[in-house]
Amino acid sequence: MPYRICKTFEIESAHMLYLHPEKCKYPHGHSRKIEVVLRADELDAAGMVCDFKAIKLSVGEFIDSFDHAICINSKDPLLPALQMMPGIRLIKYEETDPTTEVLARHIFEHIKKAIAEHKLYPREDGRLVYRIGANVKLDRVRVTETSSSWAEYFE
């Protein structure tokens, strides 16, 4: 596929790695970038793989659910105490640590389903419709952990 585009989202998120032997088992946060790379063999009628706004409209809300949230293993003994905190945003991973690699796969799988739906997203004035075309495929998702570390998932 000769064309690829990337939409980057930025979030602040935390995780706890219950299986980690050192301090990463405790809550700690990251300023993350999430890169969503789409590909297509041909451009659409507007000369694009798809409009960047179509990507934001189709997956932005899901990615925003990670912002200021703590990702945690469902077996972590600190989970019950965290669940008691008012207003806390928790994302539980069933019996697995939410490593950056696991987050990349989870986000990839969700986005793959979302773009396969080919939903239409009208503008507020109702004149223009944003969509990710049927010819567009999800190439990869890259999630940064620090300025020098990232994990990527693709099929």
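About the cut-offs
Residues numbered from 1 in each chain as written. Predicted model: local features only at pLDDT ≥ 70, side-chain atom pairs only at ≥ 80, totals over all residues. Heavy atoms only, no water. Buried < 20%, exposed > 50% of the residue type's maximum accessible area, 1.4 Å probe, protein only. Helix = DSSP H or I, 4+ residues; strand = E, 2+ residues; numbered from the N terminus. Pairing = 2+ DSSP bridges. Phe/Tyr/Trp six-rings, centres within 6.5 Å; stacked < 30°, edge-to-face > 60°. Contact = heavy atoms within 4.5 Å. Core = buried A, V, L, I, M, F, W, Y, C linked by side-chain atoms within 4.5 Å. Axes fitted to C-alpha atoms, helices over the stretch in contact; angles between N-to-C directions. Parallel < 35°, antiparallel > 145°, perpendicular 65-115°, else oblique. Left-handed = near helix turned anticlockwise from the far one by under 90°. Nonpolar A, V, L, I, M, F, W, Y, C, P; charged D, E, K, R; others polar.

*Asks:* Help me out: how do you make sense of the pairing of strand E7 (residues 137-146) in this one?
*Replies:* Moving residue by residue along a regular strand, the side chains alternate between the two faces of the sheet. The element E7 is extensively covered by neighbouring structure, given that 7 of its 10 residues are classed as buried. Where strand E2 (residues 28-40) lies against E7, 6 bridges are found, and the strand directions are antiparallel. Paired with Val 36 across the strands is Val 141, a residue of E7. Where E7 and strand E8 (residues 149-153) come together, 5 bridges link them in antiparallel fashion. Its bridge partner being in E8, Val 141 is matched across the sheet by Tyr 153.

*Asks:* Would you mind showing me how to read the packing of aromatic side chains here?
*Replies:* One pair of aromatic rings is described through two measures. These are the centre distance and the angle between the planes. Applying the stated criterion across every chain, the model contains 2 aromatic pairs. Ring geometry for Phe 62 versus Phe 66: centroids 5.4 Å apart, planes at 85°, classification edge-to-face. Like Phe 66, Phe 62 is buried. Considering the side-chain rings of Phe 108 and Tyr 153, the 5.2 Å spacing of their centres and the 70° angle between planes classify their relative orientation as edge-to-face. Placement of Phe 108 in helix H3 (residues 100-116) and of Tyr 153 in strand E8 is noted, with a sequence separation of 45 residues between them.

*Asks:* I would appreciate a short explanation of the environment of Phe 62 in the present structure.
*Replies:* Looking at the secondary structure, you find Phe 62 in helix H1 (residues 52-64). C-alpha separation for the pair Phe 62 and Arg 39, spaced 23 residues apart in sequence, amounts to 21 Å. In this view, Phe 62 contacts His 106, Ile 107 and His 110; residues no more than four positions away in its chain are not counted.

*Asks:* Sorry, what's going on with the nonpolar core here?
*Replies:* One broad rule of soluble globular proteins: the nonpolar side chains tend to lie buried together. In terms of nonpolar packing, the biggest core is built from 34 residues, with Ile 34, Val 36, Leu 38, Ile 55, Ile 63, Phe 66 and Ile 111 touching the most fellow members. Of all the secondary-structure elements, those providing two or more residues to this core are strand E1 (3-15), E2, H1, strand E4 (90-93), H3 and E7. It is H3 that provides the largest number of residues to this core, a total of 8 residues. Residue contacts for Phe 66: discarding those within four places in its chain leaves Ile 11, Glu 12, Ser 13, Cys 71, Ile 91, Tyr 93, Leu 103, His 106 and Ile 107.

*Asks:* Quick question: what am I supposed to make of the packing of H1 against H3 here?
*Replies:* Helix-helix packing: each pair is described by the crossing angle between the helix axes and the interaxial distance. One can describe the packing of H1 onto H3 by two numbers: an axis separation of 9 Å at closest approach and a directional angle of 150°. By the criterion of interaxial angle, the relationship of H1 to H3 is roughly antiparallel. The handedness of the crossing between H1 and H3 is right-handed. In this structure, H1 uses Ser 58, Val 59, Phe 62 and Ile 63 to contact H3, whose residues at the interface are His 106, Ile 107, His 110, Ile 111, Ala 114 and Ile 115. In the contact of H1 with H3, the residues fall into 7 nonpolar, 3 polar and no charged.

*Asks:* Where do I start with the sheet that holds E1 in this structure?
*Replies:* Working definition: the strands of a sheet are paired by backbone hydrogen bonds and lie parallel or antiparallel to each other. Taken in spatial order, the 6 strands make up an open sheet running E4-E3-E1-E2-E7-E8, and their pairing is mixed. With one partner strand each, in any of the chains shown, E4 and E8 form the two edges of the open sheet. Going from strand to strand, the sheet's axes swing by 35° on average, the running direction of each strand aside. Bridging between strand E3 (residues 70-73) and E4 involves 4 bridges; their strand directions are parallel. Directly across from Asn 73, in E4, lies its bridge partner Tyr 93. Along the sheet face, H1 touches E1 and E2 and points at about 25° away from the line of E1. Its contacts with the sheet put H3 on E1, E2, E3, E4, E7 and E8, and the angle it makes with E7 is roughly 150°.

Worth remembering: the numbers are spatial, not functional.
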